[in-house]
Amino acid sequence: MRAIIFASPALLTGVAFAQDHRQLGSHIHGSGSLDIAIEGDHIALALEAPAFDVVGFETEATSEAQREAIDRAREYLSDPLDLWGITESAGCGVETNDVSLMQSHDSHSDSDDHAHDEEHDHGHEHEHEDDHDDDHDHVDEHEEAVHSSVAANVELHCEQIGNLTTLEPVYFEHFANAEELAVRIVSDSGQATVEISRDRPSISLP
Ligand SMILES: [Zn+2]
């Protein structure tokens, strides 16, 4: 009996961790990435983010409001000079811009099922002594959830790329659910990584 009492806190911790992990899937809502590559007078910016951040949902759009949200997101992503705060003095023009909304992640279900099985094993071992049924129902709803991503790849050509020292993205202003972007910058002068957020959205370029 003592062993069971001792085991309970660990079990609860394990379940809580498993839930967090599964709800997040392989992406974390609120958190995306931006890869920046600078070469000569070209700069490429590749955004990848949960659709939740950019559109507000990750399922197929079924309502008029959801379709409008997708149109709005596409509009913002189609103006990369504004989105990423590219200073006018750099004289940049858009060469290519590929926007892809609502790419669903089928791969999530594998890891979800795995975690689900593990959790049920734990549940059965201890099912005489706890009341986790509510938690399990809750978890099952999340496992039905679809995860989708948004990707936007833009290439700019800049006449005065030397004037491009800082980016002032309006990404967080446009997309209310976005909280942070992990930024990786690759240029002739090396690599850098920086985390930008709603509070600190600026990016200094090398
Ligand atoms: Zn998701």
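Residues numbered from 1 in each chain as written. Predicted model: local features only at pLDDT ≥ 70, side-chain atom pairs only at ≥ 80, totals over all residues. Heavy atoms only, no water.

1. Section: empty space enclosed by the protein
Empty space left among the atoms is revealed by rolling a probe the size of a water molecule over them.
And then number 1: Applying the stated criterion across every chain yields a total of one cavity of 30 Å³ or more.
And then number 2: Of the volumes computed, that of the largest cavity is approximately 40 Å³.
And then number 3: Around the largest cavity, the lining residues are L45, L77, P80, L83, W84, N97, A152, N153 and V154.
And then number 4: Those elements that place two or more of their residues in the lining of the largest cavity are α4 (80-83) and β4 (148-158).
And then number 5: Considering each element in turn, the lining of the largest cavity owes the most residues, three residues, to β4.
And then number 6: When its residues are assigned to classes, the lining of the largest cavity shows seven nonpolar, two polar and no charged. (1 Å grid on protein atoms, 1.4 Å probe; cavity = no way out; pocket = protein on both sides within 12 Å on 5 of 7 lines; lining within 4 Å. Points joined across faces, edges and corners; volume = space filled by probe spheres on them. Helix = DSSP H or I, 4+ residues; strand = E, 2+ residues; numbered from the N terminus. Nonpolar A, V, L, I, M, F, W, Y, C, P; charged D, E, K, R; others polar.)

2. Some details on unusual backbone geometry
Trans is the prevailing form of peptide bonds, just as negative phi is the prevailing case for residues other than glycine.
And then number 1: Even without being a glycine, M102 presents a positive backbone phi close to 60°.
And then number 2: Overall, the relative accessible area of 21% leaves M102 in the partly exposed class. (Buried < 20%, exposed > 50% of the residue type's maximum accessible area, 1.4 Å probe, protein only.)

3. Notes on a negative patch on the surface
And then number 1: Together, D41, E95, D98, E155 and E159 make up a region of like negative charge exposed at the surface.
And then number 2: Residue position: E159 is located in the loop between β4 and β5 (166-167). (Patch = residues over 30% accessible without salt bridge, like charges linked within 9 Å, V, L, I, M, F, W, Y side chains within 5 Å. Areas by Shrake-Rupley, 256 points an atom, 1.4 Å probe, with all protein chains shown as cover. Salt bridge = Lys/Arg side-chain N within 4 Å of Asp/Glu carboxyl O. Lys, Arg positive; Asp, Glu negative; His and termini not counted. Charge placed at Lys NZ, Arg CZ, Asp CG, Glu CD.)

4. A look at the pairing of strand β2 (residues 42-50)
Looking down a regular strand, the side chains alternate between one sheet face and the other.
And then number 1: Looking at chain direction, strand β1 (residues 31-39) and β2 are connected through seven bridges and run antiparallel. Opposite D35, over in β2, you have A46 as the bridge partner.
And then number 2: Taking the residues between adjacent antiparallel strands as the criterion, β1 and β2 are bridged by two residues, where G40 takes a positive phi near 60°.
And then number 3: Pairing of β2 with β4, which is carried by nine bridges, proceeds in the antiparallel orientation. Paired with E48 across the bridge in β4 is A151. (Pairing = 2+ DSSP bridges.)

5. Focus: the coordination of the zinc ion
And then number 1: Around the zinc ion, the protein contributes the donor atoms H27 (NE2), H29 (NE2), E58 (OE) and H147 (ND1), which lie 1.8 to 2.2 Å from the metal centre.
And then number 2: Here the zinc ion binds four donor atoms, and the angle range of 97 to 127° at the metal identifies the geometry as tetrahedral.
And then number 3: Mapping the donors of the zinc ion onto the primary sequence yields the spacing H-x1-H-x28-E-x88-H. One end of the pair, E58, is in the loop between α2 (51-54) and α3 (64-77); the other, H147, is in the loop between α6 (133-144) and β4, with 89 residues separating them in the sequence. (Donors = N, O, S within 2.8 Å, 3.2 Å for Na, K, Ca; no water. Tetrahedral: all angles 85-135°; square planar, octahedral: opposite > 155°, others 65-115°.)

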